[in-house]
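# Coordinate inspection notes
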Amino acid sequence: MSVVFAFPGNEAIAASLSKDQHQLGEFTWRHFPDGESYLRIHSEVSKQHVIIVCSLNEPDRKTIPLLFLAKTARSLGAQKISLYAPYLAYMRQDRVFHSGEGINAKYYAELLSATFDEIVTIDPHLHRQHDLSDVYSIENKVLHATKPIGEWILQHVKSPLLLGPDEESEQWLSEISRTINAPYICLTKQRFGDQDVTLAMPDLSEYKQHHVVLVDDIISSGGTMLEAIKLLAKQGFSKPMVIVVHPIFAQDSYQKLQQVSANVISCNTISHASNEIDIANLFG
Ligand code: R5P
């Protein structure tokens, strides 16, 4: 029997874990007047397997309390401590792009690996690294949202053309395409700044009878998707559908995308108004 602690926003995933094998734990997380976190575990964790469910969007705000909760569980005698992070942060800075930079993916992995025994996550942004074990030294497991995304598309979109905005999206697109037997095309992308990207799109005229579904792992500034939608419009494909695994949606990117898309939907790896594809069962 394991004890499962859900950080705010992660209750659905915690609840989806089998009742026979897991019990929900209780803890308090609040802030002192100076902003520091206070944590207290109310459940028995001695000699138990503790699972903490915490999606790591806004990682700078969440990581300290997450580590403190895990360390508190350890101090109370927990036998094994697992982190179930539907979204795993800091995966994109996986190499030095400019002199003077560090490799934040590695530093973040070192931080989490020093406290947890295991990490389970959904579609981490693996691009230049191909395996999560290249980044994380602890036991790890990668789950995939491609099946629930494919099922959603099958139910909701007639004659889909899957479009990935960059080369990195091919890993998701090829898998979805295989499961639902739909064509896919990945664009090429060059990034010049946080919100400054250029994409190259081939001629799509042979797909005029299809409904374009843009799929990516992360939408942050929305710059990548907005650029793809602009290029699609130039080829006469207006208002495509947008699907994302991890809906970060920084600033007003969600509203901007809604204006130019037929629909913007996401998996509930991060709690957001766009959540429509349920991935909670993947952990179960
Ligand atoms: C990066 O390569 C990812 O797959 C996404 O394409 C990227 O993170 C999207 O970022 P943004 O929404 O800021 O363009």
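Residues numbered from 1 in each chain as written. Predicted model: local features only at pLDDT ≥ 70, side-chain atom pairs only at ≥ 80, totals over all residues. Heavy atoms only, no water.

Now for the site of the ligand. Around the ligand there are 15 residues in total, and Glu168, Asp216, Asp217, Ser221 and Thr224 lie nearest to it. In the environment of the ligand, an oxygen atom lies 2.8 Å from a nitrogen or oxygen atom belonging to the side chain of Arg92. Within the contact set of the ligand, an oxygen atom lies 2.8 Å away from a backbone nitrogen or oxygen of Gly222. Its atoms largely coinciding with the cavity grid, the ligand occupies the largest pocket. Going through the elements one at a time, strand E11 (188–193), strand E13 (211–219) and helix H6 (223–234) are the ones with two or more residues in the shell around the ligand. When residues of the shell around the ligand are assigned to their parent elements, the largest contribution, 4 residues, is made by E13. Its residues assigned to classes, the shell around the ligand shows 2 nonpolar, 6 polar and 7 charged. (Near = heavy atom within 4 Å. Polar contact = N/O pair within 3.5 Å; in protein donor to acceptor, adjacent residues only side chain to side chain. 1 Å grid on protein atoms, 1.4 Å probe; cavity = no way out; pocket = protein on both sides within 12 Å on 5 of 7 lines; lining within 4 Å. Sits in = over half its atoms within 2 Å of the grid points. Helix = DSSP H or I, 4+ residues; strand = E, 2+ residues; numbered from the N terminus. Nonpolar A, V, L, I, M, F, W, Y, C, P; charged D, E, K, R; others polar.)

Phi is mostly negative for residues that are not glycine, and the peptide bonds are mostly trans. At Glu58, a residue that is not glycine, the phi angle is positive and equals roughly 50°. Positioned with a positive phi, Phe249 is a non-glycine residue whose angle comes to about 45°. With respect to the helices and strands, the residue Phe249 is situated in the loop between strand E14 (241–247) and helix H7 (253–260). Phe249 gets classed as buried once you look at its relative accessible area, which sits at 7%. (Buried < 20%, exposed > 50% of the residue type's maximum accessible area, 1.4 Å probe, protein only.)

Looking now at the pairing of strand E9 (residues 160–164). Where a strand is regular, its side chains alternate between the two sheet faces. Of all 5 residues in E9, 5 are buried, a share of seventy percent or more. Every second residue of E9 is oriented toward a common face, with Pro160, Leu162 and Gly164 on one face and Leu161 and Leu163 on the other, all of them buried. The pairing of E9 with E13 spans 4 bridges and is parallel. Its bridge partner lying in E13, Leu163 is registered against Leu214. Summarising the sheet, E9 and strand E10 (residues 184–186) pair through 3 bridges and their orientation is parallel. Within E10, the position partnered with Gly164 by the bridge is Cys186. Handedness of the crossover joining E9 and E10 through helix H5 (residues 170–180): right-handed. (Pairing = 2+ DSSP bridges. Right-handed = clockwise from strand over helix to strand, strands pointing away.)

Let us look at H6. Over its 12 residues, H6 extends 17 Å from the first C-alpha to the last, a length consistent with the 16 Å expected when each residue adds 1.5 Å. In the stretch just after H6, Gly236 is the one whose phi turns positive, near 85°. (Expected span 1.5 Å × (residues − 1).)

Picture a little ball the size of a water molecule; that probe, rolled over the atoms, points out where space is still empty. A volume near 1,100 Å³ is recorded for the largest pocket. Along the wall of the largest pocket there are 35 residues; nearest its centre are Arg92, Phe97, Arg191, Gly193 and Asp194. Where the lining of the largest pocket is concerned, the elements lending two or more residues are E11, E13 and H6. Per-element accounting of the lining of the largest pocket gives the leading share, 5 residues, to E11. A per-class count over the lining of the largest pocket returns 9 nonpolar, 14 polar and 12 charged. (Points joined across faces, edges and corners; volume = space filled by probe spheres on them.)

As a further point, take the environment of Ala6. Inspection of the secondary structure assignment puts Ala6 in strand E1 (residues 2–6). Spatially, the C-alpha atom of Ala6 lies 16 Å from that of Arg61, the residues being 55 residues apart in sequence. Setting aside its immediate chain neighbours within four residues, Ala6 contacts Glu11, Ala14, Phe27 and Val53. (Contact = heavy atoms within 4.5 Å.)

Below, the discussion takes up the sheet that holds strand E7 (residues 118–122). Pairing is parallel across the open sheet formed by 6 strands, whose spatial order is E2-E1-E5-E6-E7-E8. Taken across any chain shown, the strands that pair with only one partner, and hence form the sheet edges, are strand E2 (22–24) and strand E8 (139–143). Looking at each pair of strands side by side, their axes are set apart by 20° on average, direction ignored. As paired strands, E1 and E2 are joined by 3 bridges and run parallel to one another. When the bridges of E2 are listed, Ser2 appears paired with His22. (Axes fitted to C-alpha atoms, helices over the stretch in contact; angles between N-to-C directions.)

Next up on the list: the pairing of strand E12 (residues 196–200). Here E12 shows one buried face, formed by Val197 and Leu199, and one open face, formed by Asp196, Thr198 and Ala200. Taken together, E11 and the strand that follows it, E12, pair antiparallel across an intervening segment of 2 residues.

The next thing to look at is the pattern of salt bridges. Counting across every chain of the model gives 11 salt bridges. Where Lys80 meets Glu139, a salt bridge forms, and the shortest distance between an N and an O atom there is 3.3 Å. Taken together, the residues Lys80 in strand E6 (residues 80–85) and Glu139 in strand E8 connect sequence positions 59 residues apart. Accessibility expressed as a relative area gives 24% for Lys80, which makes it partly exposed. (Salt bridge = Lys/Arg side-chain N within 4 Å of Asp/Glu carboxyl O.)

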